[in-house]
Amino acid sequence: MKDVSLPRALAVAGGWGYIGRHFVDAAAALDIPVYVRDPGPIPAGLDRDRVEVIGDDDGFYSLPADFFHIALHPTDRRAALQRLADRLARGDRFMVLNEKPMAAPESPGECAELQQLVDNSGMCMFFDFPELFDPITLRVRAFLSSFDEVRIDEMRMTRSKDREDPANPRNYKIMVPIQYQETVHCLAWVFTCLAEARGGLDHVWDGGVTVEGTAVPYHPPNPASYRYPVDGRFAGNVHFGDSTVHLLTDFTSNAPRTKRRTVRGVGDGVPFVIEAEYLEGHKFLAIDGKDIGFSQDANVYQSVIRQGWQWYLHPCLDDAALHPTPAFAHRTYMLSAMLWDACHLGGPRRVSNLQEFLAYSPGFTAPK
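As a starting point, this report considers the structure included with it. (Residues numbered from 1 in each chain as written. Predicted model: local features only at pLDDT ≥ 70, side-chain atom pairs only at ≥ 80, totals over all residues. Heavy atoms only, no water.)

**Section: the layout of surface pockets**
- Volume-wise, the largest pocket comes out at about 1,200 Å³.
- Tyr-18, Ile-19, Glu-99, Arg-170 and Gln-181 are the residues nearest the centre of the largest pocket, which is lined by 44 residues in total.
- If you list the elements that add at least two residues to the lining of the largest pocket, you get helix H1 (18–29), helix H3 (74–89), helix H5 (130–133), strand S7 (150–160), strand S11 (258–267) and helix H9 (300–313).
- In terms of residues, the lining of the largest pocket owes the most to one element, H1, which gives four residues.
- Residue classes in the lining of the largest pocket are distributed as 18 nonpolar, ten polar and 16 charged.
- There is about 190 Å³ of room inside the second largest pocket.
- What lines the second largest pocket is a set of 13 residues, and nearest its centre among them are His-73, Glu-106, Ile-174, Arg-227 and Tyr-228.
- Taken together, the residues that form the lining of the second largest pocket break down as eight nonpolar, three polar and two charged. (1 Å grid on protein atoms, 1.4 Å probe; cavity = no way out; pocket = protein on both sides within 12 Å on 5 of 7 lines; lining within 4 Å. Points joined across faces, edges and corners; volume = space filled by probe spheres on them. Helix = DSSP H or I, 4+ residues; strand = E, 2+ residues; numbered from the N terminus. Nonpolar A, V, L, I, M, F, W, Y, C, P; charged D, E, K, R; others polar.)

Right under this line is the structure:
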């Protein structure tokens, strides 16, 4: 029997890319019909009984799918999203999952343009921060919100993998500075936890925010494909008032594969420790040393489809401010910018409150 808690069909723009293909396979595993628009060669081994390839943009963006995933580079998304906005103006209804970063590092103004497009069209858009949709994160949120008074003192976020190995075809995909490419996932998770502890997303900036860090360049296997050098390793700290977040994101050679988080704090006067690993095949959540019992192999892309669809259908059943909407994604983008600036523009960056943060002017410019 068809699971009515899932979308009727998923349409993926850029379905043969690394992320897009994961969603194609996840939807097929959930028995959701999948449509793909990608001019590249059809991958070997694709189950053509479950996946239909659409040969032109007009046909793809007029599909009767109720879940569109835009797995395209920021420079290629605007035309796709405008087509979907035009459909919404005609009365069609569907949700959109968009890829991060919200905009290319050199084009911060596109964040406001995208927000305006979404606001004017009434589009329901979530950004693909997979860990925010993961049942592990929902359990962490429930734990933090269970206290009358809770304080987070320290968070440690380590996210790494070898992106320089020339033997891995994935490493030939063009990336942007790691602060935007990968640290941004950690920032989204940090915002979520601090918002639960402090009583709302806007309170994350209470007490001001200071960032500091260092970066080393990425050495891709295809350097001629890059317009400018990008960072491949970032290490630094973000001080959210009295809460300190230690960040390490590493794409350099021989970096271990991990997506590890540790949170230390005090709830109703009692210290606690949260430990989590999000790397598939090694996933776990432990609170005060007790394994909560999540499956090590749970598929995060299936979780994104399931939870994203529930947020779309029932936004009032959760704190919508913590959903990865464009407004939420804009904050992750801006803090990514501050991290890059701290590495390259002469030391720590600080804002005193949320208003200063939202008005921050990123310093990144792409070399001509």
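Following the structure, the description resumes.
**Digging into the pattern of salt bridges**
- Considering all chains together, one arrives at 21 salt bridges under this definition.
- Residues Asp-57 and Arg-37 are paired through a salt bridge, measuring 2.8 Å at the closest nitrogen-oxygen approach. Of the two residues, Asp-57 is situated in helix H2 (residues 57–61) and Arg-37 in strand S2 (residues 34–37); the sequence distance between them amounts to 20 residues.
- Residue classification places Asp-57 among the partly exposed residues on the basis of a relative accessible area of 32%.
- Several salt bridges share partner residues, and in doing so they unite Glu-131, Arg-159, Glu-182 and Arg-261 into one network. (Salt bridge = Lys/Arg side-chain N within 4 Å of Asp/Glu carboxyl O. Buried < 20%, exposed > 50% of the residue type's maximum accessible area, 1.4 Å probe, protein only.)

**Thoughts on the packing of helix H6 (residues 135–145) against helix H8 (residues 183–198)**
- For the pair H6 and H8, the least separation of the axes is 8 Å and the interaxial angle reads 25°. The angle between H6 and H8 places the two elements in the roughly parallel class. Considering only the axes of H6 and H8, their crossing is right-handed. When H6 is examined against H8, the residues Thr-137, Val-140, Arg-141, Leu-144 and Ser-145 are found in contact with a partner set consisting of Trp-189, Thr-192, Cys-193 and Glu-196.
- Partitioning the contact of H6 with H8 into residue classes produces four nonpolar, three polar and two charged. (Axes fitted to C-alpha atoms, helices over the stretch in contact; angles between N-to-C directions. Parallel < 35°, antiparallel > 145°, perpendicular 65-115°, else oblique. Left-handed = near helix turned anticlockwise from the far one by under 90°. Contact = heavy atoms within 4.5 Å.)

**A short note on helix H4 (residues 109–121)**
- Taking 1.5 Å per residue, 13 residues should reach 18 Å; H4 reaches 19 Å between its end C-alpha atoms and fits that length.
- Regarding H4, the residues found buried are Cys-111, Leu-114, Leu-117, Val-118 and Ser-121. Buried residues along H4 cover an arc of 125° about the axis, so they all sit on one side. Exposed and oriented more than 90 degrees from the buried face of H4 are Ala-112, Asp-119 and Asn-120.
- Against H3, strand S5 (95–98), strand S6 (124–127) and helix H10 (326–344) lie the buried residues of H4.
- Where H4 ends, the next residue or the one after it, Gly-122, has phi of about 75°, a positive value. (Expected span 1.5 Å × (residues − 1). Arc of directions from axis to C-beta.)

**Considering empty space enclosed by the protein**
- As enumerated under the stated definition, the model contains one cavity of 30 Å³ or more in all.
- Roughly 30 Å³ of volume is contained in the largest cavity.
- Forming the boundary of the largest cavity are Lys-100, Pro-101, Met-102, Phe-129, Tyr-180, Val-184, Ala-329, Thr-332, Tyr-333 and Ser-336.
- By residue class, the composition of the lining of the largest cavity is seven nonpolar, two polar and one charged.

**Things to note about the sheet that holds strand S3 (residues 51–53)**
- Within the open sheet, the six strands sit side by side as S3-S2-S1-S4-S5-S6. Their pairing is parallel. A single partner strand is all that each edge strand has here, and the edge strands are S3 and S6. Mean inter-strand twist for the sheet, computed between neighbouring axes without regard to direction, equals 20°.
- Examined bridge by bridge, S2 and S3 share three bridges and lie parallel to one another. Residue Val-36 lies in a different strand from S3, and its bridge partner there is Val-53. (Pairing = 2+ DSSP bridges.)

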